[in-house]
Amino acid sequence: MLIGLISDTHVPDVAEEVPPKALEAFSGVDLILHAGDLSVVSVLDELERIAPVLAARGDDDYGIEDDRVREVQQLELDGVNLYLIHSSLYFARDLILHPEKHDLERAPDVVVFGHTHRETVRAVGSSLLVNPGSAAFPYYQLRLGTVALLTIEAGKARARIVQLDSI
């Protein structure tokens with residue numbers, strides 16, 4: 001299974017649209033996960049032309065009411081337990097290091113998060129932390145940024161960051 005990961009699109013507050021290069025990077029994915037701060041639900045509609053979409057609610061997603069958006073998306077995908085949130089690296093890492101504090105029986109295999117506008121792929125124990133960065137506002141600068149592709153095969157997950165200006 002191939003999953004497109006995107007976060008912090010901030011359309012139309014910061015960027016006019018989801019960068020076409022991000023849409024191109026997601027060609028052939030089975031699912032798209034948006035880690036919050038989409039700002040408008042039309043971002044999900046645009047992404048859903050490529051593949052089914054789920055999103056975590058970001059701190060800038062005021063008033064967005066849509067069945068595809070939740071505070072936390074907990075998914076079981078091909079034997080991999082995945083959490084999609086918007087919160088910081090510290091909260092994401094805490095889900096893995098201290099699952100009992102979050103009423104979890106065990107640490108998620110993968111935590112996808114956003115908020116920081118900085119791309120990250122990091123192993124924490126046997127789990128994987130992934131932040132796709134921001135497609136249009138990386139490091140809070142208006143320019144092409146990053147997305148990520150998450151591959152899940154045989155109960156294992158691996159991720160890679162895609163620099164949109166290299167497509």
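Conventions and cut-offs
- Residues numbered from 1 in each chain as written.
- Predicted model: local features only at pLDDT ≥ 70, side-chain atom pairs only at ≥ 80, totals over all residues.
- Heavy atoms only, no water.
- Core = buried A, V, L, I, M, F, W, Y, C linked by side-chain atoms within 4.5 Å.
- Buried < 20%, exposed > 50% of the residue type's maximum accessible area, 1.4 Å probe, protein only.
- Contact = heavy atoms within 4.5 Å.
- Pairing = 2+ DSSP bridges.
- Helix = DSSP H or I, 4+ residues; strand = E, 2+ residues; numbered from the N terminus.
- Axes fitted to C-alpha atoms, helices over the stretch in contact; angles between N-to-C directions.
- Right-handed = clockwise from strand over helix to strand, strands pointing away.
- Salt bridge = Lys/Arg side-chain N within 4 Å of Asp/Glu carboxyl O.
- Polar contact = N/O pair within 3.5 Å; in protein donor to acceptor, adjacent residues only side chain to side chain.

Caption draft 1: Representation of the nonpolar core in the model. In this structure, Ile6, Phe26, Ile32, Leu47 and Val147 are the most contacted members of the largest nonpolar core, which totals 24 residues. Apart from residues no more than four positions distant in its own chain, Leu47 is found in contact with Ile6, Val18, Leu23, Phe26, Ile32, His34 and Val53. Leu5, Ala56, Leu84 and Leu150 belong to the second largest nonpolar core, which has 18 residues in total.

Caption draft 2: Highlighting the sheet that holds strand 8 (residues 119–124). Spatially, five strands are ordered 5-6-7-9-8 in an open sheet, and the strand pairing comes out mixed. Edge positions in the open sheet fall to strand 5 (73–77) and strand 8, since each of these has one partner strand only. On average, each strand axis in the sheet is tilted by 15° relative to the strand beside it, whichever way the strands run. With three bridges joining them, strand 6 (residues 80–84) and strand 7 (residues 110–112) adopt parallel strand pairing. Within the sheet, the bridge partner assigned to Leu84 lies in strand 7 and is Val112. Relative to strand 9 (residues 127–132), helix 3 (residues 89–97) is tilted by about 160°, and along the sheet it contacts strand 6, strand 7, strand 8 and strand 9.

Caption draft 3: The arrangement of the pairing of strand 3 (residues 53–56) in detail. Pairing of strand 2 (residues 31–34) with strand 3, which is carried by three bridges, proceeds in the parallel orientation. By the bridge assignment, Leu33 is partnered in strand 3 with Leu54. A crossover connection joins strand 2 to the parallel strand 3 through helix 2 (residues 42–47); in handedness this β-α-β unit is right-handed.

Caption draft 4: Seen up close, the environment of Val18. With respect to the helices and strands, the residue Val18 is situated in the loop between strand 1 (2–6) and helix 1 (20–25). In the structure, Val18 is positioned 137 residues away from Gly155 in sequence and 31 Å away in space, judged by C-alpha atoms. The residues contacting Val18, other than those within four sequence positions of it, are Ile6, Thr9, Val11, Leu23, Val43, Glu46 and Leu47.

Caption draft 5: Representation of the pattern of salt bridges within the structure. In total, this model carries seven salt bridges according to the counting rule given. A salt bridge links Arg68 to Asp66, with the shortest nitrogen-to-oxygen separation between them at 2.8 Å. Taking relative accessible area as the criterion, Arg68 reaches 13% and is therefore assigned buried.

Caption draft 6: Quick look at the side chain of Ser127. Within the secondary structure, Ser127 sits in strand 9. Note on Ser127: relative accessible area 7%, which makes it buried. Among the polar contacts listed, one links the side chain of Ser127 to the backbone oxygen of Pro108, at a separation of 2.6 Å.

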